[in-house]
Amino acid sequence: MKRRYQKYILPHLPFLICVILLCVLMALPTGYEDAVIYQGTDRCKAKVLATDESAVIHSGLIQSGEQTCTVRLLGGKFKGQETQAYNLLTGSLQNDKIFSEGDMAQVVISYQDDAILSVNMIDHYRLDKELILLLIFAVVLVLFAKGIGLRSLLSFAISVLCIWKVLVPACLNGSNPVVTGLVLITLLTVVIISLVYGYDRRFLAATAGVLLGVVTTCILGIIFTLLFKIHGAVMSNSESLLYSGYEYLNLTEIFMASVFIGASGAIMDIAVDITSAVNEVVEKKPEIGRREAAMSGIHVGRAAMGTMTTTLLLAYSGGYLALLMVFMAQGTPVYNILNYKYVA
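Values in this document were obtained by computation on a predicted structure and should not be read as measured data.

**Student:** Sorry, what's going on with the packing of aromatic side chains here?
**Tutor:** Each aromatic ring pair is summarised here by two numbers: the centre-to-centre distance and the angle between the ring planes. All chains considered together, the criterion is met by five aromatic pairs. When the ring of F78 is compared with that of Y111, the centres are 5.6 Å apart and the planes differ by 70°; the resulting orientation is edge-to-face. Placement of the pair is F78 in the loop between strand 3 (62-73) and strand 4 (82-90) and Y111 in strand 5 (residues 104-112), with a sequence separation of 33 residues. Measuring from ring centre to ring centre gives 5.7 Å for F224 and F228, while their planes differ by 55°; the resulting arrangement is tilted.

And the structure:
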């Protein structure tokens, strides 16, 4: 019985545990499903049959006013009906969108009983194309990485659900974001690395490395957020969160949590890389000593850090490319740029 457990059950135990965890997370309510703002509404896909821009005001690149669209509803309570829908333009290039005949749109229908009160054009409909891209990603990953690719998709789904159904509701409910973030990252680290290695020495080594790195990042993030005097409102949409009735939230603590949560993926990547490299060396050369194996891991880590530093720089620079262009276009001195809280 013990041999059967070790041969058949133990190797698949992490996968089985993660499948159960995935099912639990999918069934877990966030507590915010019945938000008042969306009560008495229906959401669906709609096809734009005609547009009317007579009420749109053009001022250079900026457009304001209202675009009226004739749409056919393709789902929901009023499927098949044709009605007028309205696209409010606020003069923001970032948020506004213009629809053309034949476009697919996402709409929100306000109704009472069986009567449509109004239809608002929310955005272009992208869910079908997002699904296609996700399927391409999943197929390529599984074809290339086979079983590990399938487990990677499982860990990806668990990570998304943990953030959406555990971290976000907990923070909205007033839980300490730093403590909640640390607990969640610990859970995700155990789940993800167990799917890669199972429960063995490699799992212990990689998990210990990740947690050490995350705790170090957490401590540094807290200390330097305070020293830099950075308020959590530096995060996008954070002020909107306060004005939505959550003025009791500590945005700075949420920002501190976002620092080490954002870094945890890179830390996990490095930990698994080094663990796998050292394990490969030990398997190919069993007579190697512990000190020599540890030094091999340090050498691999140094090489990985050489590229990881640049990788993180490019990732952040790419995300803030427009802001960097604004700095240069306005002739902002580098001295000022380096002192901005966005850079800090």
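**Student:** So what exactly am I meant to see when it comes to the packing of helix 5 (residues 177-197) against helix 8 (residues 251-284) here?
**Tutor:** The description of two packed helices rests on the angle between their axes and on the distance between the axes. In the contact formed by helix 5 and helix 8, the axes pass within 10 Å of each other and the chain directions differ by 20°. It follows from the interaxial angle that helix 5 and helix 8 lie roughly parallel. Handedness of the helix 5/helix 8 crossing: right-handed. Of helix 8, the residues touching helix 5 (which contributes P177, V178, G181, L182, I185, T189, I192, I193, V196 and Y197) are E253, I254, M256, A257, F260, I261, S264, M268, V272, T275 and S276.

**Student:** Looking at this structure, how should I read unusual backbone geometry?
**Tutor:** Trans is the prevailing form of peptide bonds, just as negative phi is the prevailing case for residues other than glycine. Within the chain, D113 stands out as a residue other than glycine whose phi angle is a positive 55°. A relative accessible area of 63% means that D113 is categorised as exposed. With phi around 55°, K229 is a residue other than glycine that occupies positive phi space. Mapped onto the elements, K229 comes out in the loop between helix 6 (201-227) and helix 7 (238-243).

**Student:** Any chance you could explain the pattern of salt bridges here in plain terms?
**Tutor:** Pairing between side chains becomes possible if they bear opposite charge and their charged atoms approach one another. Counted according to the given criterion, the structure contains seven salt bridges. For the salt bridge of E280 with K284, the shortest nitrogen-to-oxygen distance reads 2.7 Å. One end of the pair, E280, and the other, K284, are both in helix 8, four residues apart, so they sit about a helical turn from each other. For E280, a relative accessible area of 38% puts it in the partly exposed group.

**Student:** When you look at the layout of surface pockets in this model, what are you seeing that I'm missing?
**Tutor:** Quantified by volume, the largest pocket comes out at close to 1400 Å³. The set of elements that each furnish at least two residues to the lining of the largest pocket consists of helix 6, helix 8, helix 9 (290-319) and helix 10 (321-329). At eight residues, the largest contribution of residues to the lining of the largest pocket is made by helix 8. Here the lining of the largest pocket is built from residues that sort into 25 nonpolar, eight polar and one charged.

Rules of the game
- Residues numbered from 1 in each chain as written.
- Predicted model: local features only at pLDDT ≥ 70, side-chain atom pairs only at ≥ 80, totals over all residues.
- Heavy atoms only, no water.
- Phe/Tyr/Trp six-rings, centres within 6.5 Å; stacked < 30°, edge-to-face > 60°.
- Helix = DSSP H or I, 4+ residues; strand = E, 2+ residues; numbered from the N terminus.
- Axes fitted to C-alpha atoms, helices over the stretch in contact; angles between N-to-C directions.
- Parallel < 35°, antiparallel > 145°, perpendicular 65-115°, else oblique.
- Left-handed = near helix turned anticlockwise from the far one by under 90°.
- Contact = heavy atoms within 4.5 Å.
- Buried < 20%, exposed > 50% of the residue type's maximum accessible area, 1.4 Å probe, protein only.
- Salt bridge = Lys/Arg side-chain N within 4 Å of Asp/Glu carboxyl O.
- 1 Å grid on protein atoms, 1.4 Å probe; cavity = no way out; pocket = protein on both sides within 12 Å on 5 of 7 lines; lining within 4 Å.
- Points joined across faces, edges and corners; volume = space filled by probe spheres on them.
- Nonpolar A, V, L, I, M, F, W, Y, C, P; charged D, E, K, R; others polar.

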